[in-house]
Amino acid sequence: MGFQAACCFVLLLCTGGSLSKPTLRKERVVHPDPQLSDRLHEDNQSFQYDHEAFLGKEEAKTFDQLTPEESKEKLGKIVDRIDDNKDGYVTTEELKNWIKRVQKRYIFENVAKVWRDYDVNKDNKISWEEYKQATYGYYLENPEEFQDATDQHSFKKMLPRDERRFKTADLDGDSTATREEFTAFLHPEEFEHMKDIVILETLEDIDKNEDGFVDQDEYIADMFAHEEGGPEPDWVITEREQFSDFRDINKDGKMDKEEIRHWILPQDYDHAQAEARHLVYESDVDKDQKLTKEEILENWNMFVGSQATNYGEDLTKNHDEL
């Protein structure tokens, strides 16, 4: 369960609400690298796609308000940050990692918003005890208010599950989370070392008979609340076919953890890798497959915008419309 879902869950229980089963299709598949920009990638007309991929959509807009000199100066500072090993070169790998970080900035902003709610002693770390107290403290101190068997079962299930996830995110095993570790805890689908936890939690959510597998009926029940005696919609019938033809790879009638991995964590096209290669190829004057700061600044308008490039694109756009 993600952070927002967990908060909603706790709030509902504390206010006596109940979780109703969704009747619409539930999306389990995680796409770690979505499109980097809504723009078309058309370098012959505009570098806007590259700007949004390299900077993020909102930051790209701020560059469009700068003079060319200001844009180049800020770009130079960004290049220093991208060069992780400080060897004076930006490799495709370093550029890819930068683009991935930029595209996930919203996740870190989300963590920043909730950080102070959990870091009670203000030591810039969040211990398991701090998180447990903030999230489950009311339940632990007032168990008599949660006599409903479903509520009790939910809390008893979620508390150890959160602790297991916290320990997996806590890479140095000190029972406290840095910002990076806490981000992995709240958004496990975004971190490679958390993928097994995502798979295990998905299995536990769907596997109602607790046999360690997901059969076709459990797979469908997770997406669709079937009314007694009512017909199944066409999309549900299609999903049953998907299960048999594609999800159940070994054709034993159920999904194991590896098959769940293929389902919810597909090996998608890596947009960040493709964009990093593109930027290196277009800017690598000496063709050594890595970029110096000078090479990037020489081709600066592919990486970032400015008032001048923005004005030029507006002129082109207006001319095309005439």
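Our structure is the block above this text.
Residues numbered from 1 in each chain as written. Predicted model: local features only at pLDDT ≥ 70, side-chain atom pairs only at ≥ 80, totals over all residues. Heavy atoms only, no water.

Q: Is there a simple way to think about the packing of helix α4 (residues 68-82) against helix α5 (residues 92-103) in this case?
A: The N-to-C vectors of α4 and α5 enclose an angle of 110°; their axes lie 10 Å apart at closest approach. In terms of their interaxial angle, α4 and α5 are classed as roughly perpendicular. Contact residues: α4 offers Ile78, Arg81 and Ile82, while α5 offers Glu94, Leu95, Trp98 and Arg101. Across the contact of α4 with α5, the residue classes break down as four nonpolar, no polar and three charged. (Axes fitted to C-alpha atoms, helices over the stretch in contact; angles between N-to-C directions. Helix = DSSP H or I, 4+ residues; strand = E, 2+ residues; numbered from the N terminus. Parallel < 35°, antiparallel > 145°, perpendicular 65-115°, else oblique. Contact = heavy atoms within 4.5 Å. Nonpolar A, V, L, I, M, F, W, Y, C, P; charged D, E, K, R; others polar.)

Q: Explain the packing of aromatic side chains here, please?
A: A full pass over the atoms with the stated rule returns 16 aromatic pairs. Between phenylalanine 54 and phenylalanine 303 the ring centres are 5.2 Å apart and the planes differ by 80°, which places this aromatic pair in the edge-to-face class. Here the residue phenylalanine 54 occupies a position in helix α2 (residues 48-55), and phenylalanine 303 occupies one in helix α16 (residues 300-303), the gap between them amounting to 249 residues. Phenylalanine 303 sits in the buried class, given a relative accessible area of 1%. With a centroid separation of 6.0 Å and 85° between ring planes, the pair formed by phenylalanine 224 and tryptophan 235 is classed as edge-to-face. One end of the pair, phenylalanine 224, is in the loop between α11 (216-223) and α12 (234-247); the other, tryptophan 235, is in helix α12, and 11 residues separate them in sequence. (Phe/Tyr/Trp six-rings, centres within 6.5 Å; stacked < 30°, edge-to-face > 60°. Buried < 20%, exposed > 50% of the residue type's maximum accessible area, 1.4 Å probe, protein only.)

Q: For this particular structure, what's the right way to read α2?
A: One turn of the α-helix equals 3.6 residues, which is why residues spaced by three or four share an orientation. Counting buried positions over the eight residues of α2 gives eight, a clear majority of the element. Taken residue by residue, α2 has Gln48, Tyr49, Asp50, His51, Glu52, Ala53, Phe54 and Leu55 as its buried positions. Just past α2, the residue glycine 56 takes up positive phi, approximately 90°.

Q: Quick question: what am I supposed to make of the pattern of salt bridges here?
A: In a structure, side chains of opposite charge can pair up when their charged atoms sit close to one another. A complete count under the given rule lists 21 salt bridges for this structure. For lysine 195, the salt bridge goes to glutamate 192, with nearest N and O atoms at 3.4 Å. Assessed through its relative accessible area of 11%, lysine 195 is described here as buried. The partner of aspartate 196 in a salt bridge is arginine 261, with the nearest N and O atoms 2.5 Å apart. Here aspartate 196, found in helix α10 (residues 195-206), pairs with arginine 261, found in helix α13 (residues 257-264); they are 65 residues apart in sequence, far enough to count as distant. Residue arginine 261 is classed as partly exposed on the basis of its relative accessible area, which comes to 26%. Salt bridges linked by common partners bring Arg28, Arg161, Arg164, Arg165, Glu201, Glu204, Asp205 and Asp222 together as one network. (Salt bridge = Lys/Arg side-chain N within 4 Å of Asp/Glu carboxyl O.)

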